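Secondary and tertiary structure notes
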Amino acid sequence: LIDAWDTLMGAYDGAIDEGKQVWFAVVHPQLAARAEDCRDSQLEGKMIDVSREDDMYEILAGMDAFITDYSSAAMDASFAHMPVFIYADDIGQYVNDRGSMLWNMTTDSDAIIRNNRQMTPGMDVILPYPVAQNNEELERRILKFDMEDYLSKMKTFEEKVELTFDGKASLRIADRIEAYMRRQ
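Definitions and limits used
- Once a new chain begins, its residue numbering starts again from 1 and follows that chain's sequence as written.
- At least 70 in pLDDT is required for a residue's local features to be given in this predicted model, at least 80 for side-chain atom pairs to be given and counted, and no such filter applies to totals for whole chains, interfaces and linings, which use all residues.
- Note that water and hydrogens are dropped before the side-chain values are worked out from all heavy atoms of the structure.
- The way it works is that DSSP assigns letters per residue, a run of H or I at least four long becomes a helix, a run of E at least two long becomes a strand, and they are numbered from the N terminus.
- Throughout this description, buried means an accessible area under 20% of the type-specific maximum (1.4 Å probe, protein chains only), exposed means over 50%, and partly exposed covers the range between.
- Two residues qualify as a contact provided that any one of their heavy atoms is within 4.5 Å of a heavy atom in the partner residue.
- By definition, the arc is the one covered by directions from the helix axis to the C-beta atoms.
- The term polar contact refers here to a pair of N or O atoms within 3.5 Å; inside protein, the definition further demands a hydrogen-donor-capable atom paired with an acceptor-capable atom, and it admits residues adjacent in sequence only when both atoms are side-chain atoms.
- Think of it this way: DSSP has to see at least two bridges between two strands before they count as a pair.
- To form a nonpolar core, buried Ala, Val, Leu, Ile, Met, Phe, Trp, Tyr and Cys residues must be joined to one another through side-chain atoms within 4.5 Å.
- Whether a crossover is right-handed comes down to one check: with the strands pointing away from the viewer, does the path from the first strand over the helix to the second run clockwise; if it does, it is right-handed.
- For patch detection, residues must exceed 30% relative accessible area and be free of salt bridges, and they are connected within 9 Å for like charges or within 5 Å for nonpolar side chains (Val, Leu, Ile, Met, Phe, Trp, Tyr).
- Using a 1.4 Å probe, accessible areas were evaluated by the Shrake-Rupley method; residue-level cover was limited to the displayed protein chains.
- Within this document, salt bridges are pairs made up of a side-chain nitrogen of Lys or Arg and a carboxyl oxygen of Asp or Glu, the two lying within 4 Å of each other.
- In this tally, Lys and Arg are treated as positive and Asp and Glu as negative; His is ignored, and so are the chain termini.
- By convention, the charge on Lys lies at NZ, on Arg at CZ, on Asp at CG and on Glu at CD.
- Ring geometry is summarised as follows: Phe, Tyr and Trp rings, the Trp one being its six-membered ring, pair when their centres sit within 6.5 Å, and such pairs are stacked at plane angles under 30 degrees, edge-to-face over 60 and tilted between the two.

Things to note about the overall build of the protein chain
Helices and strands together make up the secondary structure of the protein chain, namely eight helices and five strands. Starting at the N terminus and ending at the C terminus, the protein chain contains elements arranged as α-β-α-β-α-β-α-β-α-β-α-α-α. Residues counted as buried form 32% of the 184 residues belonging to the protein chain. Counting contacts in the protein chain only where the partners sit at least 6 residues apart, residues at least 24 apart contribute 53% of the total.

Given below as C-alpha cells:
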C-alpha cells in the first residue's frame, strides 16, 4: 500500500509546487485498516488518509483534481467538472484479468478509450480522462492539462450518456414508478 503512495508522491514532487498542495488518499474499503500501518514521515503534511470518511462527496468538495485507478468515483469528480486523471500502472494485468467490461482499456496511454459496445449497445462514448501508466506519464498529463479541452470532452460525454443535472431527477423517478405501478 505504501508503495502506491510513494509512487504517487514521486509524481507529486515533480508536477506540483511543494508546500502548496495536500493530497487526500482514499484506499479501497478492504485495505483501509491496513492504511494506518503504512504511515511514512515523508508523507506527513503532504497526504491525509481519508479512507474511513463516511461521505465521499465531502472529500470531493475539498479537492481541485482527482487521481484514481479504476474507481467509479472518477465519474462523481468529473460531474463536478473537476480534472480527473487515471493512474493505471497495472493496466495490462487489469485488462488481462477483467477484459473490457464497460471500457475498452488499453496499454497504449495515448489511445482513445471508448465504451465496450457489447456491454453498452447503442452508445459510442469516449472516456474523457487522461490515462497514465507511470510517474512520468502522470506528470506529463498534469503539466499539459487543458481545462477548456477537458470541459469540452466532458460536455460531449454528458450528452452522449444523456446525463441531466436539472434538479428534477427524483420527480422523474417518482413519475416512472407511478406509471409502472398503474400498469399492474
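Structural notes on helix α6 (residues 135-143)
Regarding α6, the residues found buried are N135, E137, L138, R141 and I142. Considered in projection along α6, the buried side chains sweep an arc of 165 degrees and stay on one side of the axis. Away from its buried face by more than 90 degrees, α6 exposes E136 and L143. For α6, the capping residue at the N-terminal end is N134, with a side-chain oxygen 3.1 Å from the backbone nitrogen of E136.

A closer look at unusual backbone geometry
At H81, a residue that is not glycine, the phi angle is positive and equals roughly 60 degrees. Structurally, H81 is set in the loop between α4 (73-79) and β4 (84-87).

Re the sheet that holds β4
An order of β3-β4-β5 is seen for the three strands of this open sheet, with the pairing classed as parallel. Both edges of this open sheet fall to β3 (66-68) and β5 (131-132), since each of them pairs with a single strand only. Pairing of β4 with β5, which is carried by two bridges, proceeds in the parallel orientation. Across the sheet, the residue bridging to Y87 is A132, located in β5.

Section: the nonpolar core
Within the largest apolar cluster, 24 residues are counted, with the highest numbers of intra-cluster contacts made by F66, V84, W103 and Y129. For this core, the secondary structure elements donating two or more residues are α3 (56-61), α4, β4, α5 (91-98) and α7 (147-160). In this structure, F85, A132, L138 and I142 belong to the second largest nonpolar core, which totals five residues.

A short note on the pairing of β4
Of the two faces of β4, both are covered, the one formed by V84 and I86 as well as the one formed by F85 and Y87. Once the chain exits β3 it traverses α4 before rejoining the sheet at β4, and the crossover so formed is right-handed.

Side note on a negative patch on the surface
A grouping of E53, D54, D55 and E58 is seen on the molecular surface, where their side chains present a negatively charged patch. Turning to its location among the elements, E58 is positioned in helix α3. E58 sits in the exposed class, given a relative accessible area of 59%.

Some remarks on the packing of aromatic side chains
For the structure on display, the rule yields four aromatic pairs. Seen from their ring centres, F145 and Y150 are 5.3 Å apart, and the 55 degrees between their planes marks the pair as tilted. By the ring-pair criterion, three or more aromatic residues cluster together here, those being F79, W103 and F157.

Some remarks on a nonpolar patch on the surface
Side chains of I173, I177, Y180 and M181 sit close together on the surface and give an oily, nonpolar patch of about 440 Å² of accessible area. With respect to the helices and strands, I177 occurs in helix α8 (residues 169-183).

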